[in-house]
Structures are given as structure tokens and as C-alpha cells.
Amino acid sequence: MDVRRSTVTIPVGDVELPADLTVPAQPVGVVLFAHGSGSSRHSPRNVEVAGTLNDRGLGTVLVDLLSPAEDEVDARTAELRFDIGLLANRLAGIVDWLAVERPAGDVPIGLFGASTGAAAALVAASSRADRVGAVVSRGGRPDLAGAALTQVRTPTLLLVGGLDEEVLALNEQASAELGDVGELRVVPGATHLFEEPGTLDRVAEFAGAWFTTHLSR
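Residues numbered from 1 in each chain as written. Predicted model: local features only at pLDDT ≥ 70, side-chain atom pairs only at ≥ 80, totals over all residues. Heavy atoms only, no water.

Peer 1: Even after reading the chapter, I still don't get the overall build of the protein, so can you show me in this structure?
Peer 2: Each helix and strand in the protein was counted, giving six helices and eight strands. From first element to last, N terminus to C terminus, the protein shows the α and β order β-β-β-α-β-α-α-β-α-β-β-α-β-α. Over its C-alpha atoms the protein spans a radius of gyration of 16 Å, differing by no more than 12% from the 17 Å that the globule rule assigns to 217 residues. For the protein, the proportion of its 217 residues judged to be buried stands at 53%. Contacts in the protein between residues at least 24 apart in sequence constitute 68% of all its contacts with a sequence separation of at least 6. (Helix = DSSP H or I, 4+ residues; strand = E, 2+ residues; numbered from the N terminus. Rg over C-alpha atoms; globule rule 2.2 N^0.38 Å. Buried < 20%, exposed > 50% of the residue type's maximum accessible area, 1.4 Å probe, protein only. Contact = heavy atoms within 4.5 Å.)

Peer 1: Please clarify how the layout of surface pockets should be interpreted in this entry.
Peer 2: In this structure, the second largest pocket spans a volume of roughly 150 Å³. Lining the second largest pocket are 13 residues, and of these V107, P108, I109, D130 and R131 lie nearest its centre. Those elements that place two or more of their residues in the lining of the second largest pocket are α3 (84-101) and β6 (132-138). Here the lining of the second largest pocket is composed, by residue class, of seven nonpolar, two polar and four charged. (1 Å grid on protein atoms, 1.4 Å probe; cavity = no way out; pocket = protein on both sides within 12 Å on 5 of 7 lines; lining within 4 Å. Points joined across faces, edges and corners; volume = space filled by probe spheres on them. Nonpolar A, V, L, I, M, F, W, Y, C, P; charged D, E, K, R; others polar.)

Peer 1: What am I meant to see in the nonpolar core here?
Peer 2: Side chains that are nonpolar tend, in soluble globular proteins, to be buried together. The biggest cluster of nonpolar side chains holds 43 residues, and the ones touching the most others in it are L32, V61, I94 and L111. Looking at this core element by element, the count peaks at nine residues for α3. I94 has contacts with I10, V12, L17, L32, V63 and L65, leaving out every residue within four places of it along the chain. Counting 23 residues, the second-largest nonpolar core is a separate cluster that includes F33, F112, L159 and L200. (Core = buried A, V, L, I, M, F, W, Y, C linked by side-chain atoms within 4.5 Å.)

Peer 1: What am I meant to see in the packing of aromatic side chains here?
Peer 2: Aromatic ring pairs are described here by two measures, namely the spacing of the ring centres and the angle between the planes. Under the criterion given, the structure shown has one aromatic pair. A ring pair is formed by F33 and F112, whose centres lie 4.8 Å apart and whose planes are at 35 degrees; its orientation type is tilted. Taken together, the residues F33 in strand β3 (residues 29-34) and F112 in strand β5 (residues 109-114) connect sequence positions 79 residues apart. Of the two residues, F33 and F112, both sit in the buried class. (Phe/Tyr/Trp six-rings, centres within 6.5 Å; stacked < 30°, edge-to-face > 60°.)

Peer 1: For this particular structure, what's the right way to read the sheet that holds strand β8 (residues 182-187)?
Peer 2: Across a sheet, paired strands are connected by hydrogen bonds in the backbone, their directions being either parallel or antiparallel. A sheet is described by the order of its strands in space; here eight strands give the open sequence β1-β2-β4-β3-β5-β6-β7-β8, paired in mixed fashion. Single-partner strands in this sheet number two, and they are β1 (3-12) and β8. Across the sheet, the mean angle from the axis of one strand to that of its neighbour is 20 degrees, orientation sign disregarded. Bridging between β1 and strand β2 (residues 15-24) involves 10 bridges; their strand directions are antiparallel. When the bridges of β2 are listed, T9 appears paired with P18. Across the face of the sheet, helix α1 (residues 44-55) comes into contact with β1, β2, β3, β4 (58-63), β5 and β6 while running at roughly 160 degrees to β4. The strands touched by helix α4 (residues 116-127) within the sheet are β3, β5, β6 and β7 (156-161), with β5 carrying the most contacts at an inclination of about 150 degrees. (Pairing = 2+ DSSP bridges. Axes fitted to C-alpha atoms, helices over the stretch in contact; angles between N-to-C directions.)

Peer 1: What exactly am I supposed to notice about the pairing of β2 here?
Peer 2: Each regular strand shows side chains that alternate between the opposite faces of the sheet. Most of β2 sits out of view: eight of its 10 residues are buried. Connecting the antiparallel pair β1 and β2 is a turn made up of two residues, with G13 showing a positive phi of about 60 degrees. Alignment of β2 against β4, held across four bridges, turns out to be antiparallel. Each residue of the ladder has a partner; that of T22, found in β4, is T60.

Peer 1: Explanation requested: the packing of α1 against helix α6 (residues 199-215) in the structure shown.
Peer 2: The description of two helices packed together rests on the angle between their axes and the distance between the axes. At a minimum axis distance of 9 Å, the contact between α1 and α6 shows a crossing angle of 45 degrees. In terms of axis orientation, α1 runs oblique to α6. Between α1 and α6 lies a crossing of right-handed hand. Taking contact as the criterion, the partners of R45, E48, V49, T52 and L53 in α1 are, on α6, L200, D201, V203, A204, A207, G208 and F211. Partitioning the contact of α1 with α6 into residue classes produces seven nonpolar, two polar and three charged. (Parallel < 35°, antiparallel > 145°, perpendicular 65-115°, else oblique. Left-handed = near helix turned anticlockwise from the far one by under 90°.)

Peer 1: What am I meant to see in the pairing of β4 here?
Peer 2: Across the six residues of β4, six count as buried, placing the element largely inside the fold. Residues of β4 alternate between two faces, with L58, T60 and L62 on one and G59, V61 and V63 on the opposite face, all of them buried. Both β3 and β4 contribute to a ladder of five bridges, which runs parallel. Bridged to L32 within β4 is V61.

Listed below in C-alpha cells is the structure:
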């Protein structure tokens, strides 16, 4: 498949964030990934899902939401990885950069969030409803989005493992709060990290279909 891969530096506020950008020929959209707590743009699960999206003609942006200096602090204290406001502001800034700089062209933008990154994605989507066309949450904590959850107007798919009982309950509640824009799908036999054979493939399949449906013009 004909794709363009590059590592870019995205300026957001007073920091510059490294990101891996993959753009297929004639992309139908671009998806920005928000990784979970304690992870990075090299998250094997997100990299795998991104590859499936690329095969579907979607560009992907895998980005570190903390600067190297912040990452060192967070490795000691674990405080910044749960700062949903900070992470959401970073995502919103990257959405603006994608819309203005257009490294993937003039295409719709989607957000894919995992774990705590899903909460940040939902908060960012609520503040950038004019620029974000679809959201997918994998094993997410949408409850951490707080009051922003009821302000989301973007089509949102919540993917949860059937064996991830506590997170499933939180997502059922979030789905009710999202109303018509939200859809909850349970992946049978999957725990929180979707490590069971075939379960991450289902996540990638569902996410790919959701993004191509809601980002295609």
C-alpha cells in the first residue's frame, strides 16, 4: 500500500510534541490517537489499530501528549497522566494544527482514545465539535470526562471488553449520557487491554468501520 510515513513535531502552547504521521494516498480522513495512562505513541495496541485504519485509507497520528521533561516527572509521580484537562487541551491543539497545517490534506478528523486518553478525547471533541467528526473509545474511562460528556455532539463509539466488568458499567452509564450520538459495543471474551486472541482485531474492525462511515464525505 502506498503510504507516506514521517515523524513530525507539533507545537501546542509552550511545548513541542513528537508524533508519528502516516498518510495513505488519497486519505478519506485522519485519526488522532490519545494513548492511555503511562503509555506513549509507541503503544503496541494503538500501533496495531492504526495499521488497520491505514489499510482502510485513513491517515493516523500517534503522538506523545507529554513533553520529554513532563514525561520524566510523570514517570516519578504518575500525576500528569491523569490530568484530563491538560491532555484534552493538548489534543485540541493538535486538532487545530491538523486543520490548519493539513499534513494529511483537507480531510475530516477523528479521535481514538484508550483508557484515560478516551476521556481526554471526549473533552477535546466537546470543545472542537466543528473540527472532530468521529470518536472511538477503547476500554475507555469516559466518566473522567466529567460535565463535558453531556456536551459531546460528535458520533462516539464506546468499545469495551465483555470481561472488563467495572469499565463496562462506567461505559454503560456514559452511553446513556451521550444519548443519540453514542453507541456502546461489547467485545465478548475481552479484558481491559484486549490481549485475548482476536479481540484487538475486532476493535480495529469496529473502529475502522466507524471512522470510514462518519468521516467520509
